[in-house]
Amino acid sequence: MQLVLASASPARRAVLSSAGVEPVVVVSDLDEEALLAELGDASPAEKVTALAMAKARAVAGRVPAEVDGGFDGVVVGCDSMLDVGGELVGKPGTTEAARARWQQLAGGHGELVTGHAVIRLRGGLPDAEISGHAATMVTFGTPSEAELEGYLASGEPLAVAGAFTLDGLGAWFVEGIQGDPSNVVGISLPLTRHLLAELGVGINDLWAPGAPGGPAAG
């Protein structure tokens, strides 16, 4: 059985790979800003979950054309944002926005919220779907001016939710977390496993050949 990841995120792919699942990556190209505008005053959890489902549905409709064979598996979509004092923030996109974000985050807290959606496909057609979200509290340190400028120059914080990572250079500035660390990286393994189970899929069904518990490598 295959898992299609509806995300271009290298971090999400790496989390799955390190846990024995080698996903097929199909990017959704969803207009996230337009959907967020439609969602209006929805809660942070509702927003990221709606985005995750929209990504998964967009990719589910394309899987038969992009994955060889009679596809039997799942599509997983995710979307992460950081809730800082009631303000929901995504990827800063520019150095100036990332610098302002870190001036807000330094020495404080934020809740990283990730929406998850799983669609079960049989014979290339959607059979069932489920969604949920996970939230992890993050405590931030205070980088020096030189450290912050060096981090901004790396380009890393510009393209990630909340302008930080837990699996890269940004980890130096994270003092602690409360909750699931994989959720902070972009995909909660515990939540994903629970959602898969609701659709009758065991994580062992998705382990790659040669992974512990998976099928023997040919």
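In short, a report on the structure. (Residues numbered from 1 in each chain as written. Predicted model: local features only at pLDDT ≥ 70, side-chain atom pairs only at ≥ 80, totals over all residues. Heavy atoms only, no water.)

1. Let's talk about the side chain of Asn183
Part 1: Within the element layout of this structure, Asn183 appears in helix 7 (residues 181-185).
Part 2: The residues touching Asn183, leaving out its near neighbours within four places in the chain, are Leu112, Thr114, His116, Ala134, Ala135, Thr136 and Ser188. (Helix = DSSP H or I, 4+ residues; strand = E, 2+ residues; numbered from the N terminus. Contact = heavy atoms within 4.5 Å.)

2. Regarding the packing of helix 5 (residues 95-105) against helix 6 (residues 145-154)
Part 1: In contact at an axis separation of 10 Å, helix 5 and helix 6 are set at 140° when each is read in the N-to-C sense. In terms of orientation, helix 5 and helix 6 fall into the oblique class. Every pair of crossing elements has a handedness; the one defined by helix 5 and helix 6 is right-handed. On helix 6, the residues touching Thr95, Ala98, Arg99 and Trp102 of helix 5 are Leu148, Glu149, Tyr151 and Leu152.
Part 2: In terms of residue class, the contact of helix 5 with helix 6 is built from five nonpolar, one polar and two charged. (Axes fitted to C-alpha atoms, helices over the stretch in contact; angles between N-to-C directions. Parallel < 35°, antiparallel > 145°, perpendicular 65-115°, else oblique. Left-handed = near helix turned anticlockwise from the far one by under 90°. Nonpolar A, V, L, I, M, F, W, Y, C, P; charged D, E, K, R; others polar.)

3. A closer look at the environment of Ala52
Part 1: As for its position among the elements, Ala52 is in helix 3 (residues 44-60).
Part 2: For the pair Ala52 and Gly132, spaced 80 residues apart in sequence, the C-alpha separation works out to 9.2 Å.
Part 3: Residues in contact with Ala52, not counting those within four places in the same chain, are Gly77, Cys78, Asp79, Gly115, His116 and Ala117.

4. With respect to the layout of surface pockets
Part 1: The volume enclosed by the largest pocket comes to roughly 730 Å³.
Part 2: Along its surface, the largest pocket is lined by 35 residues, and Arg12, Lys91, Ala159, Val160 and Ala161 are the ones closest to its centre.
Part 3: Mapped onto the lining of the largest pocket, the elements with two or more residues apiece are helix 1 (10-18), helix 2 (32-39), strand 3 (73-84), strand 4 (87-89) and helix 7.
Part 4: Considering only residue class, the lining of the largest pocket consists of 18 nonpolar, eight polar and nine charged. (1 Å grid on protein atoms, 1.4 Å probe; cavity = no way out; pocket = protein on both sides within 12 Å on 5 of 7 lines; lining within 4 Å. Points joined across faces, edges and corners; volume = space filled by probe spheres on them.)

5. Focus: the pattern of salt bridges
Part 1: What the rule picks out here adds up to five salt bridges.
Part 2: With a shortest N-O distance of 2.9 Å, Asp79 and Lys55 are connected by a salt bridge. Here Asp79, found in strand 3, pairs with Lys55, found in helix 3; they are 24 residues apart in sequence, far enough to count as distant. Take Asp79 and Lys55: they sit in the same class, and that class is buried.
Part 3: With a shortest N-O distance of 3.0 Å, Arg99 and Glu149 are connected by a salt bridge. (Salt bridge = Lys/Arg side-chain N within 4 Å of Asp/Glu carboxyl O. Buried < 20%, exposed > 50% of the residue type's maximum accessible area, 1.4 Å probe, protein only.)

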